[in-house]
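Observations on the three-dimensional arrangement
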Amino acid sequence: DGGITQSPKYLFRKEGQNVTLSCEQNLNHDAMYWYRQDPGQGLRLIYYSQIVNDFQKGDIAEGYSVSREKKESFPLTVTSAQKNPTAFYLCASSMSLAFQDTQYFGPGTRLTVL
Amino acid sequence: AQSVSQHNHHVILSEAASLELGCNYSYGGTVNLFWYVQYPGQHLQLLLKYFSGDPLVKGIKGFEAEFIKSKFSFNLRKPSVQWSDTAEYFCAVNAIDSSYKLIFGSGTRLLVRP
């Protein structure tokens, strides 16, 4: 089955720790995205990547970092600099960044900072 | 800046009632429009999309949406809801001059009572 997988589903972190969220896709999509979802606020773009070894900041990149070493993988690291990291994180992908390309979403990771 | 407004944050309906969820966006140029749905415990799924052509778009599970350019609106409708339609619904827009960026509304939680 083609799709986007994210792991883990639930993640708990102590304050001051960095944590990495996994996102893998087997759709052969070039573009990948990370969003953060908070209650009552919809989704906000953290980072996006057009192609391997290239990525750009979205609207709320502070306290986050990403890498794109392989086409199918786009891990997100939530660093200790992120002031309010507890949220639901969604990874998405699309064929490219072109206007006509639809974004498809993974199942999400719920991060809780204790 | 572009924005998307969903005016109904919570909607409660009985089964067989008709549904209309409002979505308005602020951008004067060419846009793509989307409705995504998030069922309880499931990932965000594409319900329907408008790129061009017929402004009345039909999606999965009997949903449809109408693009009214003069009103900057893309309202979602279903003539007769079912208990299984209980979910959170997100309207999203991307504009031709920032094609990578999906702007999401804050979402509408729909509860359908059996």
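Up top is the structure.
Along each chain, residue indices are assigned from 1 in the same order as the chain's sequence is written. Chain letters start at A and ligand numbers start at 1, both assigned in the order the entries are written. Owing to the predicted nature of the model, reporting of local features is limited to residues with pLDDT of at least 70; listing and counting of side-chain atom pairs is limited to 80 or more, with chain, interface and lining totals taken over all residues. For the side-chain quantities, the full set of heavy atoms in the structure was used; hydrogens and water were omitted.

Let us now look at the overall build of chain A. Labels follow the DSSP assignment, with helices taken as runs of H or I lasting at least four residues and strands as runs of E lasting at least two, numbered in each case from the N terminus. Helix and strand counts for chain A come out as 0 helices and 11 strands. Traced from its N-terminal end to its C-terminal end, chain A shows the element sequence β-β-β-β-β-β-β-β-β-β-β. Radius of gyration means the value over C-alpha atoms here, while the globule rule gives 2.2 Å times the residue count to the 0.38 power. Taken over C-alpha atoms, the radius of gyration comes to 13 Å for chain A, in line with the 13 Å a tight globule of 114 residues would show. Overall, chain A is about 40 × 30 × 30 Å in size when its C-alpha atoms are taken along their principal axes. Partly exposed describes any residue whose relative accessible area lies between the buried limit of under 20% and the exposed limit of over 50%, with all areas from a 1.4 Å probe on protein chains only and scaled to the type maximum. By the burial criterion, 50% of the 114 residues in chain A qualify as buried. Every residue pair with non-hydrogen atoms within 4.5 Å of one another is taken to be in contact. Across chain A, every contact between residues at least 6 apart in sequence was considered, and the portion connecting residues at least 24 apart equals 54%. Across chain A, the 11 positively charged side chains and the 11 negatively charged ones have centroids separated by 8 Å. Charge convention: Lys and Arg are scored as positive, Asp and Glu as negative, and His as well as the terminal groups of each chain are ignored. In plain terms, the charge of a residue is placed at NZ if it is Lys, CZ if Arg, CG if Asp and CD if Glu.

Here the focus is the state of the cysteines. A covalent bond bridging the sulfur atoms of two cysteines is what the word disulfide describes. All names here are of chain A. By definition, disulfides here are pairs of cysteine sulfur atoms that lie within 2.5 Å. Within the structure shown, the criterion is met by 2 disulfides over all chains. Each sulfur of the disulfide joining C23 and C91 lies 1.9 Å from the other. Around the S-S axis, the bridge from C23 to C91 shows a dihedral of about -70° and counts as left-handed. Taken together, the residues C23 in strand β3 (residues 19–25) and C91 in strand β9 (residues 87–94) connect sequence positions 68 residues apart.

This part is about the nonpolar core. Put simply, buried Ala, Val, Leu, Ile, Met, Phe, Trp, Tyr and Cys residues joined by side-chain atoms within 4.5 Å make one nonpolar core. Counting residues in each nonpolar core, the largest one holds 31 residues, and the members touching the most others are B:Y25, B:L33, B:W35, B:L48, B:F74, B:L76 and B:Y89. At the level of elements, β2 (10–14), β3 (19–21), β5 (31–38), β6 (45–50), β8 (64–68), β9 (73–78), β10 (87–95) and β12 (108–113) of chain B are the ones that each hand at least two residues to this core. Of the residues forming this core, the biggest block, 5 residues, is contributed by β10(B). Ignoring any residue separated from it by four or fewer positions in sequence, one finds B:L76 in contact with B:L19, B:E20, B:L21, B:W35, B:L47, B:L48, B:F63, B:E64, B:A65 and B:Y89. Among the nonpolar cores identified, the runner-up in size contains 20 residues, and A:W34, A:I46, A:I60 and A:A87 belong to it.

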